[in-house]
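In case you want the letters, here they are:
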Amino acid sequence: MYQKRYKVTGEDVDDFMVMQEDAYKMYSVSSLKSFLYETNRTKNISNTFLTTKKVSQEIKYYKDLMFTQQFVINLDIVEIQEGSFNIQNRFFNTNNELCVVTSLRIN
């Protein structure tokens, strides 16, 4: 498991100060890029890895993240197959409550 901390910014929220779907997708990809960058030091993963792959995402909501709220993303590689893999990102608020789960399929 890989863990990354973030804070909800003004660009992430709607008029009701609730984090939007696009922001969850952006943070999911951002945490994956951070993970790949950090593992690149030892496994020689290409910097253009994600630009050459198709990424699809699904989102399940449990609790809203709000403006200025800090949160943690736990990234888990769920499945690795030849040429593709599945990643699950779990978003937790500061009370360690599960807020959102995103599933990324990378082909």
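Please refer to the structure placed before this passage.
The rules we used
Residues numbered from 1 in each chain as written. Predicted model: local features only at pLDDT ≥ 70, side-chain atom pairs only at ≥ 80, totals over all residues. Heavy atoms only, no water. Patch = residues over 30% accessible without salt bridge, like charges linked within 9 Å, V, L, I, M, F, W, Y side chains within 5 Å. Areas by Shrake-Rupley, 256 points an atom, 1.4 Å probe, with all protein chains shown as cover. Salt bridge = Lys/Arg side-chain N within 4 Å of Asp/Glu carboxyl O. Helix = DSSP H or I, 4+ residues; strand = E, 2+ residues; numbered from the N terminus. Core = buried A, V, L, I, M, F, W, Y, C linked by side-chain atoms within 4.5 Å. Buried < 20%, exposed > 50% of the residue type's maximum accessible area, 1.4 Å probe, protein only. Contact = heavy atoms within 4.5 Å. Pairing = 2+ DSSP bridges. Axes fitted to C-alpha atoms, helices over the stretch in contact; angles between N-to-C directions.

Before going further, it helps to examine a nonpolar patch on the surface. A surface patch of nonpolar side chains, amounting to about 240 Å² of accessible area, comprises Met 17, Met 66 and Phe 67. Positionally, Met 66 belongs in the loop between strand 2 (55-61) and strand 3 (70-81).

A few words on the nonpolar core. One finds Met 19, Tyr 27, Leu 65, Phe 71 and Phe 91 to be the most contacted residues of the largest nonpolar core, which totals 13 residues. Within the residue set of this core, elements represented by two or more residues are helix 1 (21-43), strand 3 and strand 5 (98-106). Broken down by element, this core gets its largest block of residues, 3 residues, from helix 1. Filtering out sequence-adjacent residues up to four positions away, Met 19 remains in contact with Val 8, Asp 12, Val 13, Tyr 24, Tyr 27, Leu 65, Phe 71 and Phe 91. Ranked by size, the runner-up nonpolar core spans 9 residues in total, among them Tyr 2, Leu 32, Phe 85 and Ile 106.

On to the sheet that holds strand 2, then. Neighbouring strands of a sheet are bound in pairs by backbone hydrogen bonds; such pairs are parallel or else antiparallel. Strands sit in the order 1-3-4-5-2 across an open sheet of 5 strands; the sheet is antiparallel. On the outer flanks of this sheet lie strand 1 (2-7) and strand 2, each paired with one strand and no other. When strand polarity is set aside, the average angle formed by the axes of neighbouring strands in this sheet is 20°. Note that strand 3 and strand 4 (residues 84-93) share 10 bridges and pair antiparallel. What sits directly across from Leu 75, in strand 4, is Asn 89.

By themselves, these figures tell us nothing about what the structure is for.
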